[in-house]
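Coordinates in review
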Amino acid sequence: KAGVTQTPRYLIKTRGQQVTLSCSPISGHRSVSWYQQTPGQGLQFLFEYFSETQRNKGNFPGRFSGRQFSNSRSEMNVSTLELGDSALYLCASSRVFTGQARAKNIQYFGAGTRLSVL
Amino acid sequence: EDQVTQSPEALRLQEGESSSLNCSYTVSGLRGLFWYRQDPGKGPEFLFTLYSAGEEKEKERLKATLTKKESFLHITAPKPEDSATYLCAVLGQAGTALIFGKGTTLSVSS
């Protein structure tokens, strides 16, 4: 069974540009969560999508946005890139969404997209 | 506010030298505690999930335990291939996202 697939694996952009990252979840998983990982802050939650709806959002500026398609694939967009956006962006998929009560939620991660902003 | 603190930040062991990693958490109503392993340049790999105090899970040389305030990841007779960063995360009753600790980087030398 294929795991979570993220593309591209590496990106180099300059300040002010925008970028789109893609995530294909494990087959049958309908929830996709995005995280930013940096050496100083560790893993920080960006947002979660389930059935094409954003269910939860972390404490990031509006420059960070996402969407989910009917096949559960998700994209994340960052506009007006800043140097501080350089990070490893991770996508995780699960069968249920995080807020679903009494549901055992296990998130499986992709390999990530390494974004460097120059 | 839900919080996770992992210690130590880094741990160096000799092959065969058993030890434990600690994950202390503060959460209102634990819905789950998760352990992941992350190798350099890769995404976190799921290891265990624990749901209630007293629960234990084992996989090869790893054993995870859970109390009401902390979790331990015990590594028995580690090998160099166990070298990685181990991440702990919690999900609380009021939580809408996993809260991760900053991880413990384990280095095992032969």
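Described in the following lines is the structure provided in the data block. (Residues numbered from 1 in each chain as written. Chains lettered and ligands numbered in written order. Predicted model: local features only at pLDDT ≥ 70, side-chain atom pairs only at ≥ 80, totals over all residues. Heavy atoms only, no water.)

1. What to know about the overall build of chain B
The line we're drawing: Per the convention used, a helix needs a DSSP run of H or I reaching at least four residues, while a strand needs a run of E reaching at least two, with both numbered from the N terminus. Our radius of gyration looks at C-alpha atoms and nothing else; its globule reference is 2.2 Å times the residue count to the power 0.38. Exposure classes here rest on a 1.4 Å probe applied to the protein chains alone. A residue is buried below 20% of its type maximum, exposed above 50%, and partly exposed in between. By the convention used here, residues are in contact when the closest approach between their heavy atoms is within 4.5 Å.
Across its full length, chain B carries zero helices and eleven strands. Start at the N end of chain B and walk to the C end: the helices and strands fall as β-β-β-β-β-β-β-β-β-β-β. For chain B, whose C-alpha radius of gyration is 13 Å, the value lies close to the compact-globule estimate of 13 Å for 110 residues. For chain B, the spread of C-alpha atoms along the three principal axes comes to 45 × 30 × 20 Å. Evaluated residue by residue, chain B yields a buried proportion of 47% over its 110 residues. Of all intrachain contacts in chain B linking residues separated by at least 6 positions in sequence, the fraction that spans at least 24 positions is 55%.

2. Let's talk about the sheet that holds strand β6 (residues 56-59) of chain B
Residue and element names in this part refer to chain B. Stated precisely, the cut-off is as follows: Strand pairing is assigned whenever DSSP detects at least two bridges linking the two strands. For helices, the axis comes from a line fit to the C-alpha atoms of the stretch in contact; other axes are also lines fit to C-alpha atoms, and the angle between any two N-to-C directions lies between 0 and 180 degrees.
Here five strands make up an open sheet; going across it, the order is β1-β3-β8-β7-β6 and the pairing antiparallel. Among the strands making up the open sheet, the edge pair consists of β1 (3-7) and β6. Averaged over neighbouring strand pairs, the angle between their axes works out to 15° when direction is ignored. Pairing of β1 with strand β3 (residues 19-26) involves five bridges; the strand directions are antiparallel. Residue pairing across strands places Q3 opposite T26, the latter belonging to β3.

3. Some remarks on the interface of chain A and chain B
To keep it simple, the criterion reads: Buried area adds together the accessible area that both of two parts lose upon being put together, with accessible area traced by a 1.4 Å probe. By definition, a salt bridge exists where a carboxyl oxygen of Asp or Glu is found within 4 Å of a side-chain nitrogen of Lys or Arg. Two N or O atoms count as a polar contact when they lie within 3.5 Å, although within protein this holds only if one can serve as hydrogen donor and the other as acceptor, and sequence-adjacent residues are included solely when both atoms are side-chain atoms. In this count, Pro and Cys sit with the nonpolar residues alongside Ala, Val, Leu, Ile, Met, Phe, Trp and Tyr, while Asp, Glu, Lys and Arg are called charged and the others, Gly among them, polar.
Each side of the interface is counted separately: chain A has 23 residues, and chain B has 18 residues. When the two sides are added together, the surface that chain A and chain B hide from each other amounts to roughly 1,600 Å², 59% of it contributed by carbon and sulfur. The largest share of the area that chain A buries against chain B comes from L43, T98 and F109 of chain A, three residues that together contribute 29% of it. The interface formed by chain A and chain B includes zero salt bridges. Here chain A and chain B share four residue pairs in polar contact (both at pLDDT 80 or more) between them. The set of elements that each furnish at least two residues to the side of chain A that touches chain B consists of β4 (31-38), β5 (42-50), β9 (87-94) and β10 (108-109) of chain A. Its residues placed into classes, the side of chain A that touches chain B shows ten nonpolar, ten polar and three charged.

4. Observations concerning the packing of aromatic side chains
So the rule is basically this: Centres within 6.5 Å make a pair out of two Phe, Tyr or Trp rings, where for Trp the six-membered ring is used; the pair is then stacked when the planes are under 30 degrees apart, edge-to-face when over 60, and tilted otherwise.
If you walk through the whole model with that rule in mind, you get ten aromatic pairs over all chains. Their ring planes at 90° and their centres at 5.3 Å tell us that F109 of chain A and Y36 of chain B sit as a pair that is edge-to-face. Of this pair, F109 of chain A sits in strand β10 while Y36 of chain B is found in strand β4 (residues 30-38), placing the two residues in two different chains. Here F109 of chain A and Y36 of chain B have matching classes, each one buried. Among the aromatic residues, those joined into a cluster by ring pairs are Y35, F45, Y108 and F109 of chain A together with Y36, F46 and F100 of chain B.

5. Notes on the nonpolar core
Just so we agree on the cut-off: Throughout this description, the term nonpolar core refers to a set of buried Ala, Val, Leu, Ile, Met, Phe, Trp, Tyr and Cys residues connected via side-chain atoms within 4.5 Å.
If you look at the biggest cluster of nonpolar residues, it comprises 22 residues, and the most contacted ones within it are L33, W35, L73 and Y86 of chain B. If you list the elements that add at least two residues to this core, you get β2 (10-14), β3, β4, β5 (45-50), β7 (62-66), β8 (70-75), β9 (84-92) and β11 (104-109) of chain B. A total of four residues in this core trace back to one element, the largest contributor, which is β9 of chain B. V19, C23, W34 and Y49 of chain A belong to the second-largest nonpolar core, a separate cluster that totals 21 residues.

6. Observations regarding the sheet that holds strand β7 (residues 64-68) of chain A
Residue and element names in this part refer to chain A. As summarised here, the arrangement of the four strands in space is β1-β3-β8-β7, forming an open sheet in which the pairing is antiparallel. The sheet is open, and its two edges are formed by β1 (5-7) and β7, each paired on a single side. The sheet shows a mean angle of 20° between the axes of neighbouring strands, taken without regard to direction. With three bridges connecting them, β1 and strand β3 (residues 19-24) associate as antiparallel partners. Looking at the pairing, Q6 lines up with C23 of β3.

7. Looking at unusual backbone geometry
Along the chain, T7 of chain A connects to P8 of chain A via a cis peptide bond; the corresponding omega equals -10°. Structurally, P8 of chain A can be placed in the loop between β1 and β2 (10-13). With an omega of -10°, the peptide bond running from S7 of chain B to P8 of chain B counts as cis. Tracing the sequence through the fold places P8 of chain B in the loop between β1 and β2. Phi at S72 of chain A takes a positive value of approximately 75°, unusual for a residue other than glycine.

8. Considerations on the environment of G41 of chain B
Relative to the helices and strands, G41 of chain B resides in the loop between β4 and β5. For G41 of chain B, a relative accessible area of 46% gives the class partly exposed.

Keep in mind these values describe shape, not function.
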